[in-house]
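Listed below, chain by chain, are the residues.
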Amino acid sequence: MENEVMCVESNQGILSDVSSGKIPIFEPELENLVTKCIQNQKLQFTDQIKDVLEFAEVIFICVGTPQAEDGKADLSQIDSVAINIAEHLNGYKLLVEKSTVPIGTHIRLKNTMSLHLKNKVDFEIACVPEFLREGNAVKDFLNPDRVILGIESENSHQLLTSIYKDFECPKIWTNPATAELIKYASNGFLAMKISYANMLADICEVTGADIESLIEGVGQDSRIGKAFINPGVGYGGSCLPKDVSAFIDIFDQHKVNNGLLKEVESINRLRPQRIIAKLKSSIKNLENKKIAVWGLAFKPNTDDVRNAPSLEVVSRLIEEKTTVNCHDPQATNQFKKAFNRKVDINFFDDMYESVQECDALIILTEWPEYLGANLDQLKTKMGTPLIIDGRGIFKLDEVQKSGFEYKAFGLTENNN
Ligand code: UGA
């Protein structure tokens, strides 16, 4: 790809890191890509919006739209970028919303810009939502299933055609409102698949149906597909939880029934508690017990713990006066920052050390090293061989053969 890019970042710590090719988060392949682009003089960084306005005709707005207290998307960063751009605008620009924003944000952006323009200059708005996943960001970005381009003019069409010319996937040209909606509709659908799978796991637990064959049997239908129907401790991260919540609010604002989305959210909210319930069905009183927790990140290949099930599970264990031993290959530091309580938690670099004399092991993230865990070594270290598996990473017969009591979503209690 031959586009030249200049990024503007106001946080001086992040700016100094990324300018030298250092990526402040754990994201496979990203550091290599950024370093290569800096070396090839295709990528540069600044803390001044006016530098970018002099450099480029097309500006992608990629700021965060976190969840506000009332569940809506907080658009304050979008507003502040719009004001900053408007005040420095020096000639025609196409502003592209890349951030996930509620329907109608392109109009809000246009109005905010118009209010703060210092000179009479033309600008246009487009919406090109991003669908990459954390932990797979580079691959997903370079090989998307589709690119959605929400535009309002032929000029925007030409500019974006040139930028996206090397992407061979389907390109769907539409208007900005539809592009904004496609992003929420996609994340809402993914969340719905997960909550549906979790609902199926719950019915398996009480009927004795086999969750693994069930998922296989349902997923083999090409209209349904096998992706994103793995039951477990629920969806976390900085996207699905906040986007489902903001999507619910969009329906509320327009007085359109959103019961389906509310149920998706409520099924998900209960998953971490169900881990504790599974643990308590084996250990009634958790006081002074020692429990190991493997997996603090909301999913593998990231150090992100935003809305990670680990935050709630560890909190509940602490409330039960349990000694908690945590392990994660990447996310320990982020967890320490995010876990906003002054309590003693033990953190381990070695996953086997973390289970030493523990009464149970809870698994919350399917990191590859956990999938390959040596069950015999685990059993020797643990005080009691009990595994509560929030991601279903082991085969029941294998763990049972190794002498473990094993509880996972979708398995009946009398399997054990
Ligand atoms: C999600 C979407 O998958 C991306 O397409 C989108 O671009 C991104 O949000 C965004 O809006 O920026 P991400 O948050 O990185 O990406 O993570 P996912 O891979 O979607 O996983 C989300 C959560 O669902 C994780 O906690 C994962 O463990 C859980 N999950 C996923 C399940 O519980 N079961 C599954 O079958 C799949």
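Residues numbered from 1 in each chain as written. Predicted model: local features only at pLDDT ≥ 70, side-chain atom pairs only at ≥ 80, totals over all residues. Heavy atoms only, no water.

(A) Looking closely at the packing of helix H8 (residues 176–207) against helix H10 (residues 240–253). The N-to-C vectors of H8 and H10 enclose an angle of 115°; their axes lie 9 Å apart at closest approach. Judged by the twist between their axes, the crossing of H8 over H10 is left-handed. Contacts from Leu181, Lys183, Tyr184, Ala185, Asn187, Gly188, Leu190, Ala191 and Ile194 in H8 reach Leu240, Asp243, Val244, Ala246, Phe247 and Ile250 in H10. Here the contact of H8 with H10 is built from residues that sort into eleven nonpolar, two polar and two charged. (Axes fitted to C-alpha atoms, helices over the stretch in contact; angles between N-to-C directions. Helix = DSSP H or I, 4+ residues; strand = E, 2+ residues; numbered from the N terminus. Left-handed = near helix turned anticlockwise from the far one by under 90°. Contact = heavy atoms within 4.5 Å. Nonpolar A, V, L, I, M, F, W, Y, C, P; charged D, E, K, R; others polar.)

(B) Spatial organisation of the packing of H8 against helix H11 (residues 259–269). The geometry of H8 relative to H11 is characterised by a closest axis approach of 9 Å and an angle of 60° between their N-to-C directions. As the angle between them shows, H8 and H11 are arranged oblique. In this structure, H8 crosses over H11, and the sense of that crossing is left-handed. Along the contact surface, H8 presents Ala191, Met192, Ser195, Asn198 and Met199, while H11 presents Leu260, Val264, Ile267 and Asn268. Here the contact of H8 with H11 is built from residues that sort into six nonpolar, three polar and no charged. (Parallel < 35°, antiparallel > 145°, perpendicular 65-115°, else oblique.)

(C) The site of the ligand, seen in detail. Lining the immediate environment of the ligand, one finds 21 residues, of which Phe131, Leu132, Glu134, Lys183 and Asn187 sit closest. In this structure, Glu130 approaches the ligand through a main-chain N or O atom, which is 3.5 Å from an oxygen atom. For the ligand, the accessible surface in isolation is 710 Å², of which the surrounding protein chains cover 90%. Counting only elements with at least two residues in the shell around the ligand, the list comes to H8 and H10. Tallying contributions element by element places H8 first for the shell around the ligand, with four residues. (Near = heavy atom within 4 Å. Polar contact = N/O pair within 3.5 Å; in protein donor to acceptor, adjacent residues only side chain to side chain. Areas by Shrake-Rupley, 256 points an atom, 1.4 Å probe, with all protein chains shown as cover.)

(D) Main features of the packing of aromatic side chains. According to the stated counting rule, one finds eight aromatic pairs in the structure shown. The interplanar angle of 15° and the centroid separation of 5.2 Å between the aromatic rings of Phe335 and Phe339 together place this pair among those described as stacked. Here Phe335 matches Phe339 in class, with each residue buried. By the ring-pair criterion, three or more aromatic residues cluster together here, those being Phe141, Tyr164 and Phe167. Over the aromatic face of Phe131 sits the side chain of Arg146, whose NZ or CZ is 3.6 Å from the ring centroid. The aromatic ring of Phe409 is capped on one face by Arg271, whose charged end is 4.3 Å from the ring centroid. (Phe/Tyr/Trp six-rings, centres within 6.5 Å; stacked < 30°, edge-to-face > 60°. Buried < 20%, exposed > 50% of the residue type's maximum accessible area, 1.4 Å probe, protein only. Lys NZ or Arg CZ within 6 Å of the ring centre and 35° of its normal.)

(E) Spatial organisation of a nonpolar patch on the surface. Nonpolar side chains collect at one region of the surface, where Leu132, Phe141 and Leu142 lie side by side and expose about 210 Å² of accessible area between them. You can see Phe141 is positioned in helix H6 (residues 137–142). (Patch = residues over 30% accessible without salt bridge, like charges linked within 9 Å, V, L, I, M, F, W, Y side chains within 5 Å. Salt bridge = Lys/Arg side-chain N within 4 Å of Asp/Glu carboxyl O.)

(F) Broad picture of the pairing of strand E11 (residues 360–363). Both faces of E11 are covered, namely the face carrying Ala360 and Ile362 and the face carrying Leu361 and Ile363. Summarising the sheet, strand E8 (residues 290–294) and E11 pair through four bridges and their orientation is parallel. Along E11, the bridge assignment pairs Trp294 with Ile363. Of the pairings in the sheet, the one linking E11 to strand E12 (residues 386–389) comprises three bridges and is parallel in character. Residue pairing for E12: Leu361 is matched across the bridge by Ile387. (Pairing = 2+ DSSP bridges.)

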